[in-house]
Amino acid sequence: MSNIRIAFFDAKDYDRDSFIKANNKNEYDITYFETRLSEDTVRLADGYDAVCVFVNDDINKEVIDKLVEMNVKLIALRCAGYNNVDISYAYEKIHVVRVPAYSPYAVAEHAMALLLTSVRRIHKAYIRTKDFNFSLNGLTGFDLHGKTVGVVGTGKIGRIFIDICRGFGMNIIAYDKFPAEGSGIDYVSLDELWKRSDIISFHCPLTDENHHMVNADSIDKMKKGVVLINTSRGALIDAEALVEGIKQRKIGAACLDVYEEESNVFFHDYSNHIVNDDILARLISMPNVIVTSHQAFLTQEALANIADTTLDNVKSFFKEGFSGNEICYKCDRLDSCNQEHKKKCF
Ligand code: NAI
């Protein structure tokens, strides 16, 4: 059998390095495209067996139709979230696999890094001491010990974040659409979480249902001075409402690794350009907002796991006929679904 051909979109240097290492036996012919996969670029996938995509590639209906037309058999996401793929449309047309976990520690630790940076004003102190300014004025923070953190989403990342917070002596409350029974986690309603939390951290997937779960109404219910941390997906937060909440001094600080319009800017160097996104520019201009550009996953361990799992997914799909990491489209026929565990979704 000839090598499986993969069209790799939105390729960055660190992706190439980790995938070249993972493909050390040259089992796959991988072509790295710097461009993202979209309706405009999908033709590049012609002649390939699979496309490998990341969080900001746009796999909408048109892209799916073109991939199917070109006989591409697999969409291999090299990430966990899949809100950028029209999964229900892909059902029965093209298979989609993902990397469900590569380093939940990377993301949870980044969330805590952002929180500590924010509450201890490290981002300000770093710039000051670089300029030999050793003044402490304006750098007063607060102890995390004894504060209440509300965790939205208690899956792999959320639970590690909870463990880290426990280490800091924080009180933890959580909301999850599917609470983990017997986990010992103190689950509360979303309204109660908004009301009681000093800090709120998001670790749930983005769905139609929770799009803009942080909006003017929910911000209104939150404690004055609340710190929001979002390492999950940007559109969980209505960015305009966030700006307003900060301007009204209701929100004390925001730590954002994701942003709802990030696909136009994140992962690129715009340091010599005028950024057109006024909301993002406003957020970045605020002293109590820290933005990192979807960096939470970026550790050596995570990159190695992403490359290994992605290539394993591709291999299982083409050589064994299915991959255990296929995204199961939860169709209306769940009751009658006789799909065996770890077999194809259709
Ligand atoms: P997971 O699947 O292990 O956990 C997600 C949890 O969210 C589950 O417990 C699920 O029941 C819960 N959930 C589902 N719908 C919900 C809703 N509407 N409201 C509240 N909870 C809900 O996922 P994992 O690995 O913990 O990842 C969480 C999210 O982190 C991913 O969906 C992804 O968006 C984001 N992520 C961000 C990265 C980054 O670099 N910034 C990297 C990896 C993941």
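Residues numbered from 1 in each chain as written. Predicted model: local features only at pLDDT ≥ 70, side-chain atom pairs only at ≥ 80, totals over all residues. Heavy atoms only, no water.

Things to note about the site of the ligand
Put simply, the test is: Note on definitions. A residue lies near a molecule or strand when any single heavy atom of the residue is within 4 Å of it. As used in this structure description, the phrase polar contact means that two N or O atoms lie within 3.5 Å; if the pair is within protein, one of them must be able to donate a hydrogen and the other to accept it, and residues adjacent in sequence are counted only when both atoms belong to side chains. We call Asp, Glu, Lys and Arg charged. Ala, Val, Leu, Ile, Met, Phe, Trp, Tyr, Cys and Pro are nonpolar, and the rest, Gly among them, are polar.
Around the ligand lies a shell of 22 residues, among which Y102, K156, I157, D176 and T231 are the nearest. A distance of 2.8 Å separates an oxygen atom of the ligand from a polar atom in the side chain of K156. In this structure, an oxygen atom belonging to the ligand sits 3.4 Å away from a main-chain N or O atom of S232. Along the lines of polarity and charge, the residues of the shell around the ligand split into 9 nonpolar, 8 polar and 5 charged.

A word on the sheet that holds strand β6 (residues 148-152)
So the rule is basically this: Pairing between two strands requires that DSSP report at least two bridges joining them. Secondary structure elements follow DSSP: runs of H or I no shorter than four residues count as helices, runs of E no shorter than two count as strands, and numbering proceeds from the N terminus. Axis lines are fitted through C-alpha atoms, for helices just across the contact stretch, and the angle between N-to-C directions can take any value from 0 to 180 degrees. Any two residues whose heavy atoms approach within 4.5 Å are treated as being in contact.
Spatial ordering of the open sheet is given by β7-β6-β8-β9-β10-β11, a layout of 6 strands whose pairing is parallel. Two strands lie at the open edges of the sheet, namely β7 (171-175) and β11 (289-291), each paired on one side alone. Between one strand and the next, the sheet's axes are offset by a mean angle of 15 degrees, whatever the strand orientation. Here β6 runs beside strand β8 (residues 199-202); their pairing, made up of 4 bridges, is parallel. Along β8, the bridge assignment pairs V152 with F202. Against the sheet, helix α9 (residues 239-247) makes contact with β9 (226-230), β10 (251-256) and β11, and its axis sits at roughly 140 degrees relative to β10, the strand it touches most.

Here we look at empty space enclosed by the protein
As a reminder, the rule being used: Buried and open spaces are told apart on a 1 Å grid over the protein atoms alone, a cavity being a set of points where a 1.4 Å probe fits but cannot get out and a pocket being an open set with protein on both sides within 12 Å along at least five of seven lines. Residues with an atom within 4 Å of a point are the lining residues. Grid points are joined across faces, edges and corners, and a volume is the space filled by probe spheres set on the points.
One pass over the full model with this rule turns up 4 cavities of 30 Å³ or more. Volume-wise, the largest cavity comes out at about 60 Å³. I87, A90, Y91, I94, H95, V96, E326, I327, Y329, C345 and F346 are the residues that line the largest cavity. For the lining of the largest cavity, the secondary structure elements donating two or more residues are α3 (87-90) and β5 (95-97). Split by residue class, the lining of the largest cavity holds 9 nonpolar, 1 polar and 1 charged.

A few points about the pairing of strand β3 (residues 50-53)
The criterion, for reference: Here's how the labels work: a residue is buried when its accessible area is under 20% of the maximum for its type, exposed when over 50%, partly exposed in between, all with a 1.4 Å probe on protein chains only. For a crossover, the right-handed case is the one in which the path from the first strand over the helix to the second runs clockwise, viewed with the strands pointing away from the viewer.
Along β3, one buried face is formed by A50 and C52 and the opposite face, lined by V51 and V53, is buried too. Here 3 bridges tie strand β1 (residues 4-8) to β3, and the two strands are oriented parallel to one another. Paired with I6 across the two strands is A50, which belongs to β3. Summarising the sheet, β3 and strand β4 (residues 74-77) pair through 4 bridges and their orientation is parallel. The partner of C52 across the bridge, within β4, is A76. A crossover links β3 with its parallel partner β4, the connecting element being helix α2 (residues 61-69), and its sense is right-handed.

What to know about the side chain of H203
Tracing the sequence through the fold places H203 in the loop between β8 and α8 (216-221). In this structure the side chain of H203 is engaged in a polar contact, spanning 2.8 Å, whose partner is the side chain of S201. Look past the residues within four positions of H203 in its chain and what remains in contact with it is A111, V151, V152, G153, I157, G158, F161, T231 and S232.

A closer look at the packing of aromatic side chains
Note the cut-off: For Phe, Tyr and Trp, rings pair up if their centres lie within 6.5 Å, where Trp contributes its six-membered ring, and each pair is then called stacked (planes under 30 degrees apart), edge-to-face (over 60) or tilted (otherwise).
According to the stated counting rule, one finds 10 aromatic pairs in the structure shown. Pairing F8 with Y32 gives two aromatic rings, centres 4.9 Å apart and planes at 50 degrees, and the pair type is tilted. Here F8, found in strand β1, pairs with Y32, found in strand β2 (residues 28-32); they are 24 residues apart in sequence, far enough to count as distant. Here F8 matches Y32 in class, with each residue buried.

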